[in-house]
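Notes for the structure review
Residue-level listing of the chains:
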Amino acid sequence: MTQLPDLTPDCSRCAALCCMALAFDAGEDFAIDKPAGLPCPKLDRHLCSIYEDLEEEGFSGCARYTCNGAGQRVTQEVFEGKSWQDVPELATPMSEALRQMKSVHEALELLAMAENLELEDDDEMARDALVTALSPEDGFTPETLAATGETVKRVPGFLATLRDYI
């Protein structure tokens, strides 16, 4: 059985990708509008300057957000510890990689839950093949991560075949 990557976020190992890559609109969850690809004005290097007071400052969406470990994996594995803050031309490729890795990690989280269903051998082999395809032994590069799209798209269809186990 393939070992899943850690799906727990660790902001200390990330380059504040969610604070730069993601867009948000002013409203109930966010105090301001922020377009994708621009750093949040509350970002101070790799740290949120209002992290302890997110909800009070009108950023409850940030307080609830999780990347499922995708941010640090993009920063540490895909871009070998580099940051868009030190190498500005990495902002766009790191943003795209975050989007892709978040999809990979969401699929892996669902596949991990399916492991608890006491699957028949064929279904377990299919589940494990998907996990293996989304967890390369040597890690991801920008190119191999970009190539995961078709595998990620197959996960919902596979999970739908498991409805009789529930």
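In this text the structure is predicted, and so the values were computed from the model without any measurement. (Residues numbered from 1 in each chain as written. Predicted model: local features only at pLDDT ≥ 70, side-chain atom pairs only at ≥ 80, totals over all residues. Heavy atoms only, no water.)

The subject of this paragraph is a negative patch on the surface. Together, Glu52, Asp53, Glu55, Glu56 and Glu57 make up a negatively charged patch on the protein surface. Tracing the backbone through its elements, the reader meets Glu57 in the loop between β2 (47-48) and α2 (60-64). Under the relative-accessibility criterion, Glu57 is labelled partly exposed at 40%. (Patch = residues over 30% accessible without salt bridge, like charges linked within 9 Å, V, L, I, M, F, W, Y side chains within 5 Å. Areas by Shrake-Rupley, 256 points an atom, 1.4 Å probe, with all protein chains shown as cover. Salt bridge = Lys/Arg side-chain N within 4 Å of Asp/Glu carboxyl O. Lys, Arg positive; Asp, Glu negative; His and termini not counted. Charge placed at Lys NZ, Arg CZ, Asp CG, Glu CD. Helix = DSSP H or I, 4+ residues; strand = E, 2+ residues; numbered from the N terminus. Buried < 20%, exposed > 50% of the residue type's maximum accessible area, 1.4 Å probe, protein only.)

This part covers the packing of aromatic side chains. Counted under the stated rule, the structure contains two aromatic pairs. For the pair Phe24 and Phe59, a centre-to-centre distance of 6.2 Å together with 85 degrees between the ring planes defines the contact as edge-to-face. With a gap of 35 residues between them, Phe24 in the loop between α1 (17-21) and β1 (43-44) and Phe59 in the loop between β2 and α2 connect regions that are remote in the sequence. Taking the relative accessible area as the measure of exposure, Phe24 reaches 7% and is therefore buried. In textbook terms, an aromatic cluster arises when at least three aromatic residues are bridged by ring pairs, as seen for Phe24, Phe30 and Phe59. (Phe/Tyr/Trp six-rings, centres within 6.5 Å; stacked < 30°, edge-to-face > 60°.)

Next up on the list: helix α3 (residues 70-78). Here α3 lies mainly inside the structure; seven of its nine residues are buried. All buried positions along α3 are accounted for by Ala70, Gly71, Gln72, Arg73, Val74, Thr75 and Val78. Where α3 is buried, its residues meet α1, α4 (91-114) and α6 (142-146). Just downstream of α3, Glu80 is the residue with a positive phi angle, here 50 degrees. (Contact = heavy atoms within 4.5 Å.)

Let's shift gears to the side chain of Gln100. Along the chain, Gln100 falls in helix α4. Discounting residues that sit within four places of it in the chain, Gln100 has contacts with Leu145 and Ala146.

The next subject is the side chain of Thr151. The topology assignment puts Thr151 in helix α7 (residues 149-160). Since its relative accessible area comes to 11%, Thr151 is described here as buried. Among all residues touching Thr151, those that are not within four sequence positions of it are Leu130, Ala133 and Leu134.

This paragraph deals with unusual backbone geometry. Positive phi, close to 65 degrees, is recorded for Arg45, a residue that is not glycine. Tracing the chain through its elements places Arg45 in the loop between β1 and β2. Its identity is not glycine, yet Glu80 carries a phi of approximately 50 degrees, on the positive side. If you trace the backbone, Glu80 turns up in the loop between α3 and α4.

To continue, consider the packing of α4 against α7. Running from amino to carboxyl end, α4 crosses α7 at an angle of 25 degrees, the nearest separation of the two axes being 9 Å. Judged by the inter-axis angle, α4 sits roughly parallel to α7. Taken as a pair, α4 and α7 cross one another with a handedness that is left-handed. From α4, Ser103, Val104, Ala107, Leu110, Leu111 and Ala114 reach across to α7, where they touch Val152, Val155, Phe158 and Leu159. Across the contact of α4 with α7, the residue classes break down as nine nonpolar, one polar and no charged. (Axes fitted to C-alpha atoms, helices over the stretch in contact; angles between N-to-C directions. Parallel < 35°, antiparallel > 145°, perpendicular 65-115°, else oblique. Left-handed = near helix turned anticlockwise from the far one by under 90°. Nonpolar A, V, L, I, M, F, W, Y, C, P; charged D, E, K, R; others polar.)

Take the environment of Ser12 next. With respect to the secondary-structure elements, Ser12 resides in the segment before α1. Sequence separation between Ser12 and His46 is 34 residues; the distance between their C-alpha atoms is 8.1 Å.

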